[in-house]
Amino acid sequence: MKTLSKEQVLRINCPGFGISSTIKPGQTKPLSQFDVAVINPVSILHLFDEQSDILRQIEVLQVDGMTSYKADDDLIQSISNDLNSVKDELDNFINKGGLLIYFLAPPFSIINGSINLDNYSWLNKWVPDKSHNSDSRNMSATIRGKVIEPTNAGEESPFYEFFKLPNLEWSTIIRVDNLSEGYTPLATAGSNKCTSAWLDTKTNGGGIVFLPFPFEARYEEALEECIQKWWSSRKKGKKKAEETSFAKEDVSNQSSFSNLLNNIAPNMPINKKSSPQSLPNTELTDGLNIDFGQNPEPNTLLSESITASYGNGQSPAEDLMKKMENKVSNMIVPDWCEKYSFEELDQLRSRLSDLNEEVRQAQIRITDLSKQIESMEDIKNALVSADGKYLSEACTRVFELLGWQVTKAGLEAQNIDEFWLLDSDKIEAIVQTVYTQTQARPSELAKLAASVSSYWGTHEIEPKGVLIVSTWADRPPASRNEDDFSESMNEFAQRKGLSLLTTSQLLWIYTDLTTNNADKDAIRRNILSNNGCFNAYPTSLNKTDKIKGAEKKIEEKKVEETPAQASTGYGTTKSWFND
């Protein structure tokens, strides 16, 4: 069965499988053009705006346990206007059978005067708790936990595997008796404490599911599988409904044909050769406008006329034979006869079972390979040509694959292209990403050095500074012939202990990790210990240069390393671009 494509999935404040966007009337696609919407409602502003500074301020307030943010008049009026403009979009999306995935975030309000907009205001009548007043949500905003117990409904849900994720947490609950009408608990955190709920909207297989918040990137693969399971069950349900509808229509057609036949000629034999004496009366034939021609067979012609009006391409006789065959296939068979078999029949069953298993395994491999191709395509496109958040998100995915926790930079950085790499809550590196259509500029490196110094001045800890640059980004690979960094930048980075990487090197690291099972710990150590230009991976996007660069690096390793050092696995032919 065809899987759901990423173009059918809208992601709001939740990067992953699908199209990432915000809700902007007149600027983004209407919600009804998608089949699935995944919403991460940290606050209502996270859904309707991309003002990074304010969003970070809100996130800091939430860490401190605050539940509201006072917005200026223009901002809150803008959000209110956007809400009014798209108030029908969600209803249209639900009514067409869409799936809304909404993470159950703690209530957080954007307020100004009498206007109070929380992260559930957009849902209108679809809110999960009985309170329709955002001033008093019937859900907790101050507790969190890891106890997630699927209910019977949750075990049968397409989202059951999501509830089994290790270290999955929840940060708010709704008491079962406070759930809005129609919602069914899928998971609880003990008696009467709902952490996930489902609403069957009764329209084309659609529904709304609330999942435990917060959502993390490591949960993405499981979430995507759950979405595909829902999509598969939805398509099966619609197909079954169509078959049921067709069966009812067929019965109705048969009944209509019988009535028509009885009304026209109740005693007339159909499809039987007639003698001239058996001609129908002229009133009947004149009324039907039947021309008997030179070989009048009125009953046959009448049958053909009725068959044509019956519309299924079968004569009544053929239809009768089909009914008789159905009766034979539905005959009552004794239990002993059902259990009886013989060698040839058992062999056929065994062959069918083997073929079905081969098909199942092939489908699994096809799905896995399709996901791998799609993921690598996304990473490739973002690292080679993208700017802004797409470039930053792609870099983040590579560093997460290397085992780091990635978090946005603190408020002191005020830089959307900066993030931190942590290991067990300890910051190890400050990373800045840069997009340029030329060679990297010294000013970008100076900005990174300043950020590292600023962190040291505040925390007395000096993390590694890593500059990731997408150079010559408007050119195809064959035209990227100049150096990515000047010699002076390389020398400055070496003196300051900063590491210079290109996005093409991140692409080869990602490829090495996903296809060659490279040693991620060794790569991490190499990045953190490197000063100046990073030489462990080629900077070229040209395939031939990439292979030559890898071979050259391997030769250098053979000369520089002792046998014990070379045995780490990193830099060996096992993980170096073996085409």
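Here the structure is shown first, and the text comes after it.
Sequence order as written defines the numbering, with residues in each chain counted from 1. Reporting in this predicted model follows two pLDDT cut-offs: at least 70 for local features of residues, and 80 or more for side-chain atom pairs to be given and counted; totals over whole chains, interfaces and linings ignore these cut-offs and use all residues. Hydrogens are left out, water is left out, and the side-chain values use all remaining heavy atoms of the structure.

Undergrad: I'm lost on the overall build of the chain in this one. Help?
TA: Broken down by element type, the chain carries 19 helices and 18 strands. A simple rule labels every residue: compare its accessible area, found with a 1.4 Å probe on the protein chains alone, to the largest value its type can have, and call it buried under 20%, exposed over 50%, or partly exposed in between. The 579 residues of the chain split such that 42% are buried. Contact criterion: two residues are considered in contact whenever any of their non-hydrogen atoms come within 4.5 Å of each other. Restricting to contacts in the chain with at least 6 residues of sequence separation, those with at least 24 account for 66%. Strands here mean DSSP runs of E at least two residues long; helices mean DSSP runs of H or I at least four residues long; both are numbered from the N terminus.

Undergrad: Can you help me understand the sheet that holds strand S13 (residues 405-408) in this one?
TA: Hydrogen bonds between backbone atoms are what pair the strands of a sheet, whose relative direction is either parallel or antiparallel. Taken together, six strands build an open sheet; the order of strands is S13-S14-S15-S16-S17-S18 and the sheet is mixed. Two strands bound the open sheet, and with one partner strand each, they are S13 and strand S18 (532-533). A pair of strands counts as paired when DSSP detects no fewer than two bridges linking them. Bridge analysis of S13 against strand S14 (residues 418-423) gives four bridges, and the strand direction is antiparallel. Bridging from a neighbouring strand, Gln405 pairs with Leu422 of S14. Axis definition: a line fit to C-alpha positions, over the contact stretch in the case of helices; interaxial angles, taken between N-to-C directions, run 0 to 180 degrees. Along the sheet, helix H14 (residues 442-459) makes contact with S14, strand S15 (426-435), strand S16 (464-470) and strand S17 (498-502), crossing S15 at roughly 160 degrees.

Undergrad: Quick question: what am I supposed to make of the packing of aromatic side chains here?
TA: The description of an aromatic ring pair rests on the distance of the ring centres and on the angle between the ring planes. Ring geometry is summarised as follows: Phe, Tyr and Trp rings, the Trp one being its six-membered ring, pair when their centres sit within 6.5 Å, and such pairs are stacked at plane angles under 30 degrees, edge-to-face over 60 and tilted between the two. Scanning the model with the defined rule gives 12 aromatic pairs in all. Taking 6.5 Å as the distance between ring centres and 35 degrees as the angle between the ring planes, the aromatic pair formed by Tyr120 and Phe210 counts as tilted. Of the two residues, Tyr120 sits in the loop between strand S7 (115-118) and strand S8 (149-150) while Phe210 sits in strand S12 (residues 207-212), which places them 90 residues apart along the sequence. Under the relative-accessibility criterion, Phe210 is labelled buried at 1%. Put simply, the rings of Tyr102, Tyr120, Tyr183 and Phe210 touch in pairs and so form one group of aromatic residues.

Undergrad: Hey, could you run me through helix H13 (residues 388-401) in this one?
TA: Along an α-helix, residues three or four positions apart point the same way, because every turn accommodates 3.6 residues. By this rule the span expected of a helix is its residue count minus one, scaled by 1.5 Å. The terminal C-alpha atoms of H13, which comprises 14 residues, lie 20 Å apart, in line with the 20 Å expected from a rise of 1.5 Å per residue. Taken together, the buried positions of H13 are occupied by Leu391, Ser392, Ala394, Cys395, Thr396, Val398 and Phe399. Positive backbone phi, at 105 degrees, marks Gly403, one or two positions downstream of H13.

Undergrad: I tried to follow the side chain of Lys6 on my own but got confused; where do I start?
TA: Position of Lys6 among the secondary structure elements: in the segment before strand S1 (9-12). The residues contacting Lys6, other than those within four sequence positions of it, are Phe17, Gly18, Ile19, Glu374 and Asp378.

Undergrad: What am I meant to see in the pattern of salt bridges here?
TA: When the charged atoms of two side chains with opposite charge come close together, those side chains can pair. Note on definitions: salt bridges are taken to be side-chain nitrogens of Lys or Arg within 4 Å of carboxyl oxygens of Asp or Glu. Under the criterion given, the structure shown has 19 salt bridges. A salt bridge links Glu357 to Arg360; the shortest N-O distance between them is 2.9 Å. Of this pair, Glu357 and Arg360 both sit in helix H12 (residues 343-385), separated by three residues, roughly a single helical turn. Take Glu357: its relative accessible area is 35%, and that puts it in the partly exposed class. A salt bridge links Lys380 to Glu377, with the shortest nitrogen-to-oxygen separation between them at 3.1 Å. Separated by three residues within a single helix, Lys380 and Glu377 lie in helix H12, roughly one turn from each other. Judged by relative accessible area, Glu377 falls into the partly exposed class, the value being 37%. Shared partners join several salt bridges into a network, and the residues in it are Asp118, Asp129 and Arg137.

Undergrad: Before we go on, may I ask you to explain the nonpolar core in this structure?
TA: One recurring pattern in soluble globular proteins is that nonpolar side chains are buried together. Residues enter a nonpolar core if they are buried and are Ala, Val, Leu, Ile, Met, Phe, Trp, Tyr or Cys, with the set joined through side-chain atoms within 4.5 Å. Counting residues in each nonpolar core, the largest one holds 77 residues, and the members touching the most others are Leu100, Ile101, Trp122, Leu123, Phe162 and Leu223. For Ile101, the residues in contact, after removing those within four places along its chain, are Val36, Ala37, Val38, Ile39, Phe159, Val209, Leu211, Leu223 and Ile227. Among the nonpolar cores identified, the runner-up in size contains 32 residues, and Ile379, Ala394, Ile523 and Leu541 belong to it.

Undergrad: Quick question: what am I supposed to make of the packing of H14 against helix H15 (residues 487-496) here?
TA: Each packed pair of helices is defined by two parameters, the angle between the axes and the distance between the axes. In the contact formed by H14 and H15, the axes pass within 10 Å of each other and the chain directions differ by 10 degrees. Looking at the two axes, H14 sits roughly parallel to H15. Residues Pro442, Leu445 and Ala449 of H14 form the contact with H15, whose participating residues are Met489, Phe492 and Ala493. Each residue is assigned to one of three groups, with Ala, Val, Leu, Ile, Met, Phe, Trp, Tyr, Cys and Pro labelled nonpolar, Asp, Glu, Lys and Arg labelled charged, and all others, Gly among them, labelled polar. Tallied by class, the residues present in the contact of H14 with H15 amount to six nonpolar, no polar and no charged. Our angle categories are set so that under 35 degrees counts as roughly parallel, over 145 as roughly antiparallel, 65 to 115 as roughly perpendicular, and the remainder as oblique.

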